[in-house]
There are 4 protein chains.
Amino acid sequence: MVRDWMLKEIPELKIHGRTTECLEPLTLFWTASGFECNVSGTELSVEVEVTYDIYEPWFSYTVNGDWIGRQMLPAGRYWVPLFRGMSADKVKNVRFYKDLQAMSGDGNSYIHIHALRCDGQFYPVAQKAVKLEFIGDSITSGEGLFGAKQEEDWIPMFFSALKSYTYLTADMLDAEYRVFSQSGWGVCNSWDNDPDCAVPKYYREICSLMPGEKNERLGGNRPNDFSSWQPDYVIANLGTNDAGSFDQPEWTDEASGRRHKMHKNDDGSYCAEDVEFFRDSVKKFLHTLRECNPAAHIIWCCGMLGTSLQLPICRAVDEYSSETGDHKVSYLQLPDTDDTNVGSRSHPGALCHRQAAEVLSKYIKTLM
Amino acid sequence: MVRDWMLKEIPELKIHGRTTECLEPLTLFWTASGFECNVSGTELSVEVEVTYDIYEPWFSYTVNGDWIGRQMLPAGRYWVPLFRGMSADKVKNVRFYKDLQAMSGDGNSYIHIHALRCDGQFYPVAQKAVKLEFIGDSITSGEGLFGAKQEEDWIPMFFSALKSYTYLTADMLDAEYRVFSQSGWGVCNSWDNDPDCAVPKYYREICSLMPGEKNERLGGNRPNDFSSWQPDYVIANLGTNDAGSFDQPEWTDEASGRRHKMHKNDDGSYCAEDVEFFRDSVKKFLHTLRECNPAAHIIWCCGMLGTSLQLPICRAVDEYSSETGDHKVSYLQLPDTDDTNVGSRSHPGALCHRQAAEVLSKYIKTLM
Amino acid sequence: MVRDWMLKEIPELKIHGRTTECLEPLTLFWTASGFECNVSGTELSVEVEVTYDIYEPWFSYTVNGDWIGRQMLPAGRYWVPLFRGMSADKVKNVRFYKDLQAMSGDGNSYIHIHALRCDGQFYPVAQKAVKLEFIGDSITSGEGLFGAKQEEDWIPMFFSALKSYTYLTADMLDAEYRVFSQSGWGVCNSWDNDPDCAVPKYYREICSLMPGEKNERLGGNRPNDFSSWQPDYVIANLGTNDAGSFDQPEWTDEASGRRHKMHKNDDGSYCAEDVEFFRDSVKKFLHTLRECNPAAHIIWCCGMLGTSLQLPICRAVDEYSSETGDHKVSYLQLPDTDDTNVGSRSHPGALCHRQAAEVLSKYIKTLM
Amino acid sequence: MVRDWMLKEIPELKIHGRTTECLEPLTLFWTASGFECNVSGTELSVEVEVTYDIYEPWFSYTVNGDWIGRQMLPAGRYWVPLFRGMSADKVKNVRFYKDLQAMSGDGNSYIHIHALRCDGQFYPVAQKAVKLEFIGDSITSGEGLFGAKQEEDWIPMFFSALKSYTYLTADMLDAEYRVFSQSGWGVCNSWDNDPDCAVPKYYREICSLMPGEKNERLGGNRPNDFSSWQPDYVIANLGTNDAGSFDQPEWTDEASGRRHKMHKNDDGSYCAEDVEFFRDSVKKFLHTLRECNPAAHIIWCCGMLGTSLQLPICRAVDEYSSETGDHKVSYLQLPDTDDTNVGSRSHPGALCHRQAAEVLSKYIKTLM
């Protein structure tokens, strides 16, 4: 018999991704956030409430680990069917993934989950042995993983959780994972030199890069409770936008007059002071990551869109390690994008993400 | 400015798959049937009307050739958004695919397309140089291409148009294609010896294997107008269910008392008379295919689920060719399913379909 | 202490390939014929005696299954070092392969093995569970597996035992194997219509296609003792040269006036009578194969250089099977050569042979 | 007509690898050193003179770019046939490769080339547009590229020039290349802490790591004339043995009492002072490389056997670059060895070398 379940009525439900404790409704902030359930019965639907001003969210879902569907979520509150016609007695594993990153450019872009509808029972979801946290930029947000190569629009449709190296790495390691990422952002500043668009500045809160009063109300600006979820491996894939900002004009905040820019020398090389500023920012972020994740192995990665700041990153990691005696930190180079593996918007494509996941999961296995 | 377009208002629209001339609404019968348009503007939605008693339809779609979404279609008449936020001036190619075969077991399972909604203009769709028609069983219907390996439910969710060797072959050849297929059916009879479930019996009509009065009303039982669409290559991938029926009990029609069975000898080999009946059926179907498609090259395929009846098929093809002097007919063996490439429901998986598409497209190129 | 061993002093030695019982010296006739030994000690050499008028033989060898060396063998009697400096106590498996087919065009082209020199002991070679016999033409002789794509010379240097689908299939199945093949020959006649160059005519003798008095003396013309080595699978990969002969001029034996040719009709199709002659030849050869190998499963293959006579082959196999009730015979299509996998002399390259071995070994596993 | 040519009679001959100007005979020191010629005629042989006390040399050769043969070279002076029976008029490109590194443990291990024998003419060898120099250890010497996985003997048979990432990278870039490498050696010391076994100490001479009076006589200890051959890219793949030496006992020179060791801290991490010593050694070697190769781009690589000293290497490269303003230096991580790509002696296998060559050649293309 089909009935509706409020989320709080389902203690077996597993929530993925950084969020608040609220279940009426559950708010999804980040890429790959969502819920997971083990459920019997012939059919399952989910009641979503979707809001946005500019950037509509998309979602994907798996049944027993196999990707079944992906669709745009128009604004409104409504039911979405996930499966029907299945054998009633068998327990199915269902995982709902937000395909879109937290959109710092649209303070109204959210998916809320209100309820599930099914004719079966819920069962506990098995705990994974390994936990991963991915921190990054557009690459980690899966930008460019949907869409033909010639696409240039910066739209939600072209972001993907499931084709990403984050999903694939977790899958190869049979791990649970979270994603903390923002397209265009870096360690020091964004691709266009905005120093407020630096990922480390927002790491301690649940999702404080979402702007506005609504995020305040939803609890995104509250401190993240790190004790509730401790990753075994933190993968920081940052530096690509910092590198790009050396080629971009100065950023100016018209209101305050604040200015910022990463400079190049006349010979085209990076200005030493700015590289030092970058190195210091990497080191500071390593201190933050260690403070928040005392037992995790921290892996800094780069390379999927070139290795411009690889040497300063490695030096920062080495100096941090020497200075602190913290040896649970390392560096890994990931496969580069080229003609054979590029996706849309000149970003790494599905093949590049798969190659990266293979390198990364193989590397993590050597650390286990 | 967003407006709604009745299909008949869009002469540039291209219809794929066997169907009637009716556009109010357009009825989709077969796997991979649907529509294709070139359209400018920032957004596009489609108005569908979906009916079913047991088997709900699913659809997938591509934008500029890249797979964007896939979802279940609940019963009702409603709008489904396909894209939004794209550059207004660029012309986008959009292709809508029915993911589910014509379901002969549910006389009410249809997708109807009523209208499109967009803020741009429609442009002509370029004609492809090559046309393919695929005729087959569950393999050609893409059964087992979604779902985890352990899945056993026979449900629409596990059928796929886009992961199939049919889509992939057409893509590799830059060809237009149609699919005429029914899960469980064969040349002589179905997997369980039902002689009415023989694909050749229904080839001359638009979609006469759909039962009931509704199909009559929709025009599915009308003769197909072969002159309106002539394939360059007809691929008949049939024989797997005929082979299976030798191991199944006799079929009996309780009403009429009709009976039918393909027999095995005591030593486990196929009974010679039944094999001869099978060979004759292959030859008869070749005559039908030639009659309907005078200029096409006909390729009979088998092998994706074993090659049990390969020799009788080849002999039938050779005899047909010798007897008629028709040399535009040949045989091609396709890659077999094994542990490495199997999908759900013990059917060929995505990798097997890709391997088959590579073999088939490579072979067709040698015929060009 | 290094000493020389006559072959007859080494009962543990395993001889591969059809040959006589003579060990003083051992004569190697066919592709992939040679010897295999398990030996301790630090070094091993082999004493060969090589003769030829036109076509010098080459050999390859493996140590513990890994390909170590390949070299031309000049005429003369001399020692060739195979390994040195290895751990004395470990037992090494060494396999010597003739890389060149029996050259019917040079009655003096032979490798003889006289002795081995080592400082260790010989140990028994483990018996393989499966035995394969490959029968074929240039494809099975590994022609075109060495040499750059542009090479056109028909010389021994471009033949290979170890890159061939025969070696690879045996390796994938952990099988012992023999090769019976001749470049340019077919079931009915050679590529240029010579009816004496038909492989079946020579199948019952050890190596009767080598011409001249020397072969008589060496015993190549003696009946093969089939009881001494019975394959589990016979793979007949023949028909490619028969297909080619339809496009070649008539063959005439100036001495006797004998003539022969396979004809085409005016429309480019094969002449029905000649195809029937071909089919009969296939059937006759199947009878021969069955007589010589009562328990083997016989697999007729084609496809690595096109499938021109595939239908007549299949029909012949089907008719043979129907007429005799012999069901241990089947047909398998192998992957075709194209731009991506071609070798030298427009023959299948190493990749094509690997693809063929994968298809063939996978198929044989389904028969086990 | 066949005749013998002294090397000095063949101005068209191209010599590969660091060596002296002597051609009577030509001495081959390093891996992949040898000669290359364009020659017409039907046959070609080479007269070698081979010496060794412990480690016999091996060679491989290509004809028109395709690997044709590989064999052990016993001691003595004799002719080795390379091809015969080829079309007389066509010009063939032949390249002879020493498969074995300079063996610092055997002062008598050399290949000398005296003469060529052929019935054709010699023609100039086209100049390649790009030149590469590889500097490294056993990985760069191709150790472990021949032999079954279980092999543990450290013998010449298991070294390979042609399966190595050096050959493959040059091939992918259509480049000329040289190899300067020694198994077991590092930047600071060997795998067992011998500070004399440091590659940088020998870089300025032709081949000064070969011991003894014979090398003196052959000219191996003379300064290398860097002006005669300037690489466009220097690839330094060093650091693996330095990492290993932290786990090995102290090295002691019994005669002088000299001692050396890289130490670990009690917690298993590397001792800071020793890491600093390593970093300084990397920086010093970068200065040397730049001095000898003023215009080359220098790429330091590591990773094919783990990345233990990657961070110190990167920091050294970054510091060198910052301190000197030399920006034509960078770092590249290469694919690691694992179960799927390992060769013999627990070294990277052919697949790992191919993967490394793909990463490296792709990277070099981004620098062009």
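Residues numbered from 1 in each chain as written. Chains lettered and ligands numbered in written order. Predicted model: local features only at pLDDT ≥ 70, side-chain atom pairs only at ≥ 80, totals over all residues. Heavy atoms only, no water.

**What to know about the relation of the copies chain D and chain C**
Superposing chain D onto chain C takes a rotation of 180° combined with a translation of 0.0 Å along the rotation axis, leaving an RMSD of 0.0 Å. Seen this way, the second copy is the image of the first under a two-fold rotation axis. When C-alpha positions in chain D are compared against the rotation axis, the closest is assigned to D:Arg70, at 2.7 Å. A shared binding surface is used by both copies, with 100% of the interface residues of chain D retained as interface residues in chain C. (Least-squares fit on C-alpha atoms with pLDDT ≥ 70 in both. Contact = heavy atoms within 4.5 Å.)

**Brief notes about the domain arrangement of chain A**
Residue and element names in this part refer to chain A. Looking at chain A, the domain boundaries give domain 1 (3-123) and domain 2 (130-367). Put simply, the middle of domain 1 and the middle of domain 2, counted by C-alpha atoms, are 26 Å apart. At the interface, 35 residues of domain 1 touch 36 residues of domain 2. In this assembly, domain 1 packs against domain 2 so that about 3200 Å² is buried in total across both faces, 61% of it on carbon and sulfur atoms. (Domains from an automatic or database assignment. Buried area = accessible area lost by both parts, 1.4 Å probe.)

**Side note on the environment of C:Gly147**
Positionally, C:Gly147 belongs in the loop between β12 (130-136) and α1 (165-173). Sequence spacing of C:Gly147 and C:Gly349 is 202 residues, and the spatial spacing of their C-alpha atoms is 9.6 Å. What C:Gly147 contacts, discounting residues up to four positions off in sequence, is C:Phe158, C:Ser344, D:Asp66 and D:Ile68. (Helix = DSSP H or I, 4+ residues; strand = E, 2+ residues; numbered from the N terminus.)

**Quick look at the interface of chain A and chain B**
On the side of chain B, 33 residues touch chain A, which itself brings 33 residues to the contact. Taken over both partners, the interface formed by chain A and chain B buries close to 2700 Å², and the fraction arising from carbon and sulfur atoms is 51%. Between the two partners, chain A and chain B, sit four salt bridges. Its salt-bridge partner being A:Lys90, residue B:Glu152 comes within 3.6 Å of it at the nearest N-O pair. Those elements that provide at least two residues to the side of chain A that touches chain B are β6 (58-63), β7 (66-72) and β8 (76-83) of chain A. Broken down by element, the residue count for the side of chain A that touches chain B peaks at seven residues, all from β7(A). Partitioning the side of chain A that touches chain B into residue classes produces 18 nonpolar, seven polar and eight charged. (Salt bridge = Lys/Arg side-chain N within 4 Å of Asp/Glu carboxyl O. Nonpolar A, V, L, I, M, F, W, Y, C, P; charged D, E, K, R; others polar.)

**Observations concerning unusual backbone geometry**
A cis amide bond, omega 0°, links B:Glu24 with the succeeding residue B:Pro25. Mapped onto the secondary structure, B:Pro25 falls in the loop between β2 (14-16) and β3 (26-28). Look at A:Asp174: it is not a glycine, yet its phi comes out positive at around 50°. With respect to the helices, strands and loops of the structure, A:Asp174 is situated in the loop between α1 (165-173) and β13 (175-181).

**Quick notes on the packing of aromatic side chains**
Taken as a whole, this structure holds 72 aromatic pairs over all chains when the rule is applied. Between A:Phe180 and A:Tyr203 the ring centres are 5.4 Å apart and the planes differ by 65°, which places this aromatic pair in the edge-to-face class. With A:Phe180 in strand β13 and A:Tyr203 in the loop between β13 and α2 (213-218), this pair connects stretches of sequence that are 23 residues apart. Each member of the pair, A:Phe180 together with A:Tyr203, is buried. With a centroid separation of 6.2 Å and an interplanar angle of 90°, the aromatic rings of D:Phe285 and D:Trp300 are classed as edge-to-face. In this pair, D:Phe285 sits in helix α4 (residues 272-292) while D:Trp300 sits in strand β17 (residues 297-302), placing the two residues 15 residues apart along the sequence. Feature note: the residues A:Trp30, A:Phe180, A:Tyr203, A:Phe226, A:Phe285 and A:Trp300 constitute an aromatic cluster, connected by ring pairs. (Phe/Tyr/Trp six-rings, centres within 6.5 Å; stacked < 30°, edge-to-face > 60°. Buried < 20%, exposed > 50% of the residue type's maximum accessible area, 1.4 Å probe, protein only.)

**Considering the interface of chain D and chain C**
On the chain C side, the residues contacting the 33 residues of chain D number 33 residues. The contact between chain D and chain C buries some 2700 Å² in all, and 50% of this surface belongs to carbon and sulfur atoms. Three residues stand out in chain D for area buried against chain C, namely D:Ile68, D:Met72 and D:Arg84, and they jointly supply 23% of the buried area on that side. The interface formed by chain D and chain C includes four salt bridges. In this structure, D:Glu56 and C:Arg84 form a salt bridge, with 2.4 Å as the shortest nitrogen-oxygen distance. Put simply, chain D and chain C have 13 residue pairs in polar contact (both at pLDDT 80 or more) between them. Examining the composition of the side of chain D that touches chain C, we find that seven residues originate from one element, strand β7 (residues 66-72) of chain D, more than from any other. (Polar contact = N/O pair within 3.5 Å; in protein donor to acceptor, adjacent residues only side chain to side chain.)

**Observations concerning the packing of helix α1 (residues 165-173) of chain B against helix α6 (residues 350-367) of chain B**
In a packed pair of helices, the relevant descriptors are the angle between the two axes and the axis-to-axis distance. Residues and elements named next belong to chain B. Contact geometry of α1 with α6 gives a least axis separation of 8 Å together with a crossing angle of 40°. Between α1 and α6, the crossing angle belongs to the class labelled oblique. Crossing of α1 over α6 shows right-handed handedness. For the pair α1 and α6, the contacting residues are Tyr165, Leu168, Thr169, Met172 and Leu173 in the first and His353, Arg354, Ala356, Ala357, Glu358, Leu360, Ser361, Ile364 and Lys365 in the second. (Axes fitted to C-alpha atoms, helices over the stretch in contact; angles between N-to-C directions. Parallel < 35°, antiparallel > 145°, perpendicular 65-115°, else oblique. Left-handed = near helix turned anticlockwise from the far one by under 90°.)

**Considerations on the relation of the copies chain A and chain B**
Under the fitted operation, chain A is carried onto chain B by 0.0 Å of movement along the axis and a turn of 180°, and the coordinates agree to an RMSD of 0.0 Å. A share of 100% of interface residues in chain A that are also interface residues in chain B marks the association as one of identical surfaces.

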